[in-house]
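Listed below are the residues making up each chain.
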Amino acid sequence: MKIRIKRKKKKSKKTEVVQPKEDTPLLLISPSLDAATLTLSTSEESLSRARRLLYLSHLAATFTEIGWEFCLVLFLSALTGYQSLTLVSTYGLFSGLVVCLGGPSVGALIDTIKYTRLEVIQFFIVIQNLSVVIATIGCFSLLRMVKDTDITGFTNANSNVDSRSLASGQPTISSHTFSNFIPPFNGTTLLLLLSIHVFGAIAKLTDHAITIALERDWIVVMSKVAAMDIDDEEEVEFLTTTNEKEYEEGKSFDSSYSTTAYSVGSLSLDDREGMDTRVIRKLKQRSWLSETNTSMKQIDLMSKVVAPAAGGFLLSAFDNNDPLNKLATDIQHWYNLSYAAVIIGILNLASLYIEFKCTKEIYCLVPSLASHSNKKVEINNDIDKIPSDSFTNSIGCGIFTLPKSISLYLQQPVAEAGLALALLYLNVLTFGGLMTAYLVWLGVSYGTIGTLRGISSVIGLFGTVAYHMSERSRGLAKTGMWSILVQFGFLALCYLSLYIQNLQASLWLLVIGVCCSRIGLWAFDLTITQYMQQSVPENIRGSIGGVQNGLNSFFDLTTFGLGLIFSDPQEFHILVAAGFVSVGLASLLYYKGVYYREEKGKLDI
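Attention in this report is confined to the structure presented alongside it. (Residues numbered from 1 in each chain as written. Predicted model: local features only at pLDDT ≥ 70, side-chain atom pairs only at ≥ 80, totals over all residues. Heavy atoms only, no water.)

### Considerations on the overall build of the protein chain
What counts here: Note on conventions: DSSP H or I runs of at least 4 residues are helices, E runs of at least 2 residues are strands, and numbering of each starts at the N terminus. Exposure is judged per residue with a 1.4 Å probe applied to protein chains only, and the accessible area is read against the type maximum: over 50% gives exposed, under 20% gives buried, and values in between give partly exposed. Contact between two residues is taken to exist if any of their heavy atoms lie within 4.5 Å; hydrogens are not considered. To be clear on the numbers: accessible area is Shrake-Rupley with a 1.4 Å probe, and residue cover counts the displayed protein chains and nothing else.
On a plain count of helices and strands, the protein chain comes out with 17 helices and two strands. Counting every position in the protein chain, which comprises 605 residues, the buried fraction comes to 50%. Contacts in the protein chain between residues far apart in sequence, at least 24 positions, make up 82% of those at least 6 positions apart. As presented, the protein chain carries roughly 27,800 Å² of accessible surface, and 62% of it is formed by carbon and sulfur atoms.

### Quick word on the environment of K360
By secondary structure assignment, the location of K360 is in helix α9 (residues 332–365). Through-space distance from the C-alpha of K360 to that of I121 is 9.7 Å; in sequence the pair is 239 residues apart. The contact partners of K360, leaving out residues within four places of it in the chain, are L118 and Q122.

### Concerning helix α6 (residues 187–226)
To keep it simple, the criterion reads: Helices are assigned an expected span. That span is 1.5 Å times one less than the residue count. By definition, a residue's bend is the angle between the axes fitted to the seven residues ending there and the seven starting there. Contacts described as polar in this section are N or O atom pairs within 3.5 Å, which, within protein, must combine one atom able to donate a hydrogen with one able to accept it, while residues neighboring in sequence count only if both atoms come from side chains.
An ideal rise of 1.5 Å per residue puts 58 Å on 40 residues; α6 measures up with 56 Å between its terminal C-alpha atoms. The largest bend in α6 comes to about 30°, at W218. In terms of residue burial, α6 counts as a mostly covered element, since 28 of its 40 residues are buried. Its side-chain oxygen placed 3.1 Å from the backbone nitrogen of T188, N186 serves as the N-cap of α6.

### Examining the environment of I519
In this structure, I519 sits in helix α15 (residues 503–535). Look at I519 and you get partly exposed, because its relative accessible area is 24%. Distance in space between the C-alpha atoms of I519 and S483 is 7.4 Å, their sequence separation being 36 residues.

### Brief notes about a nonpolar patch on the surface
How we decide: For patches, a residue must show more than 30% relative accessible area and have no salt bridge; joins then use 9 Å for like charges and 5 Å for nonpolar side chains, namely Val, Leu, Ile, Met, Phe, Trp and Tyr. Any carboxyl oxygen of Asp or Glu within 4 Å of a side-chain nitrogen of Lys or Arg constitutes a salt bridge here.
On the surface, L56, L59, Y353 and I354 cluster together to form a nonpolar patch covering roughly 370 Å² of accessible area. Mapped onto the nonpolar patch, the elements with two or more residues apiece are α1 (36–78) and α9. Take I354: it is sitting in helix α9. Classification of I354 by relative accessible area gives partly exposed; the value is 31%.

### Things to note about the side chain of Q530
Tracing the backbone shows Q530 in helix α15. One polar contact links Q530 to Y467, side chain to side chain, over a distance of 2.5 Å. Look past the residues within four positions of Q530 in its chain and what remains in contact with it is R286, L289, S290, N293, Y467, E471 and L476.

### Topic: the environment of L72
Along the chain, L72 falls in helix α1. For the pair L72 and T136, spaced 64 residues apart in the sequence, the C-alpha separation amounts to 8.3 Å. The residues touching L72, leaving out its near neighbours within four places in the chain, are Y91, C139 and I196.

### Observations concerning the packing of aromatic side chains
The condition that has to hold: Aromatic pairing here means that ring centres of Phe, Tyr or Trp (its six-membered ring) are within 6.5 Å. Orientation follows from the plane angle: under 30 degrees is stacked, over 60 is edge-to-face, and everything else is tilted.
All chains considered together, the criterion is met by eleven aromatic pairs. Seen from their ring centres, W218 and Y363 are 6.2 Å apart, and the 45° between their planes marks the pair as tilted. Of the two residues, W218 sits in helix α6 while Y363 sits in helix α9, which places them 145 residues apart along the sequence. Of the two residues, W218 and Y363, neither departs from the other in class, the shared state being buried. Among the aromatic residues, ring-to-ring pairing joins F488, Y495, Y499 and F580 into one connected group.

### Section: the state of the cysteines
To keep things clear, this is the line we draw: Cysteine sulfur pairs qualify as disulfides if the two atoms are within 2.5 Å.
The final tally for this structure, using the stated rule, is zero disulfides. Free cysteine: C494, not disulfide-bonded; nearest cysteine sulfur from C515 at 8.9 Å. Taking relative accessible area as the criterion, C494 reaches 0% and is therefore assigned buried.

### A short note on the packing of helix α2 (residues 86–111) against helix α3 (residues 117–144)
Operational definition: Between the N-to-C directions of two axes lies an angle of 0 to 180 degrees, each axis being a line fitted to C-alpha atoms and, for a helix, fitted only over the stretch in contact. Any residue that is not Ala, Val, Leu, Ile, Met, Phe, Trp, Tyr, Cys, Pro, Asp, Glu, Lys or Arg is counted as polar, Gly included; the first ten are nonpolar and the last four charged.
As a packed pair, α2 and α3 sit with axes 8 Å apart at the nearest point and diverge in direction by 145°. Counting all contacts with α2, which are made through V106, L109 and I110, the residues of α3 involved are V120, F123 and F124. Its residues assigned to classes, the contact of α2 with α3 shows six nonpolar, no polar and no charged.

### What about helix α11 (residues 415–423)?
Within α11, seven of the nine residues are buried, which leaves it mostly tucked inside the rest of the structure. Buried residues along α11 sit against α10 (404–410), α15, α16 (541–565) and α17 (572–599).

### Some remarks on the pattern of salt bridges
Summed over all chains, the structure comprises eight salt bridges. For R49, the salt bridge identified is with E361, shortest N-O distance 2.4 Å. You can see R49 sitting in helix α1 and its partner E361 sitting in helix α9, a full 312 residues away along the chain. Overall, the relative accessible area of 28% leaves E361 in the partly exposed class. E416 is paired through a salt bridge with R597; the nearest N and O atoms lie 3.8 Å apart. Here the residue E416 occupies a position in helix α11, and R597 occupies one in helix α17, the gap between them amounting to 181 residues. Overall, E416 belongs to the partly exposed group, its relative accessible area being 23%. Among the ionic contacts, a cluster of salt bridges with common partners joins R117, D217, E538 and R541.

### Some details on the nonpolar core
Rule in force here: Residues enter a nonpolar core if they are buried and are Ala, Val, Leu, Ile, Met, Phe, Trp, Tyr or Cys, with the set joined through side-chain atoms within 4.5 Å.
Of all hydrophobic cores here, the largest spans 58 residues; its most connected members are L429, L439 and Y590. When contributions to this core are tallied by element, the ones reaching two or more residues are α10, α11, α12 (433–441), α13 (446–474), α14 (476–497), α15, α16 and α17. The greatest single-element share of this core, amounting to 13 residues, is contributed by α15. Look past the residues within four positions of L429 in its chain and what remains in contact with it is M435, L491, C494, L510, V514, R518, F572 and V576. Counting residues in each nonpolar core, the second largest holds 36 residues, with I125, I362, L365 and L369 among its members.

### Structural notes on the packing of α14 against α15
Cut-off, in case you're wondering: The cut-offs work like this: below 35 degrees is roughly parallel, past 145 is roughly antiparallel, 65 to 115 is roughly perpendicular, and the gaps in between are oblique. In this scheme the handedness of a crossing depends on how the near helix is turned from the far one: anticlockwise by less than a right angle means left-handed, clockwise means right-handed.
Contact geometry for α14 and α15: axes closest at 7 Å, N-to-C directions at 155°. Viewed along their axes, α14 and α15 adopt a mutual orientation that is roughly antiparallel. In this structure, the crossing between α14 and α15 has a hand that is left-handed. Residues of the contact of α14 with α15, tallied by class, amount to 17 nonpolar, twelve polar and one charged.

### A look at the side chain of R117
With respect to the element layout, R117 can be found in helix α3. Side chain to side chain, R117 and D217 meet in a polar contact 2.7 Å long.

Structure (structure tokens):
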């Protein structure tokens, strides 16, 4: 949604130009009428720079987080000689549970007015990166504790197990126990394992908190600054005598001074046709949000492609052992991996510096971000004026009363849309752990799976482009509807593929369906994100975002629970059916809660 603004200078009156003070915040400088165009351009440049810094900070955070999670799985697998998924599973379950339970709490911290936005997000940045550093130290220490005698005992214990059958996914009793743990299992190793789990989970929780703060709060404030017009009474302080008088009297600007032409998609509008300026600003804000959300999601998807590849290259640079073909028997293998853990820790320290500097500069470039703790600075948007007391009524009664944060969430106008998004996390067809294990059981190599994972992320990029184009031409409601239906349709193809007798045909249909479903998934994800940004009041954005992440993690954990119940790969069709049904329910929720109400004019966002 591109918006073109044209201004005409007032011809009759001459006004005296008053220079602003040097310490005046850039976006609050009030120009004379003759300097209007220059000031608008300067403000746009500052906001543009702030957005570029936002992208840089998000890239550093996302790249290091995905790279760390990828390498951590390999570190934990190496500690069991690549013969057990126990450590990987316990870490996944524990970290997911922490995010599920802690999401609302960190969200509430984002909403607090006791600290500034900058203080809150930099606190999360420091905790997140330092937690990863501590966890990498734990990995380093455990990998260095492996002794020659441990390797000899481990090899003898598994001498009757063919390594190729292990790599192909054939289950063994030892693959589900700690008997494959190579370092000596004592109090020290147990403490190090706990530290990896705890600090890794804290890092994941605070990473989600950073995402909530930036995507659900900072970006929204920046979008409102982008939507500011030069004649917004609440946002501009006039320095000339004539206009100060007009401002105090509450007079509007004369059309002879300023006329504005707007182009939104194929629709052209003009102020003289009677359109409310608040509507114009709302359109401008939506345009800025759409562009920024799309770019942020593209950074996420590119990081999912590049970060694991970079992590694999890093590990192979330190060690060339192939656990798929043979059991590692050289102690140098674990020592080499320990050096890779050090590199991961150093990269996170570098990310800490980048994120810290970028957020500080963004905060300085966009003074409106300070309004979180200074209520004298207000953004002209009706939704931010809604008092928090309007949403304090709890849902339920007695012992069946829902927690306040969840009640608050369910009272939002797009709660059904958020629940629909959360249901998508119940889907196992995502090239995640469960589907990867199933493909390995079918005989697909790790290299092929990694390639397919990268392809699916690249295809997901097309979903972000499709979202941006569709949102401009058809609006959010229709974009969300077609995107969730596209995902549902391709997942139906995946489900049917499991009943095809020809293994190769079945496998290809499954892979094609999963990859193409990414288009609908990411377009729908962006749609719900923007709905949340536009509809949730400022003082509860963090709480709502925290509950949303908690719900996402809950349904993600549910897939692990189903995987434990139906652990036989031959029962994988049951997991696929559960995901297929959940996406179908998500489609119905979105249709009823958003699309239908929007079409009937009952959804006021």
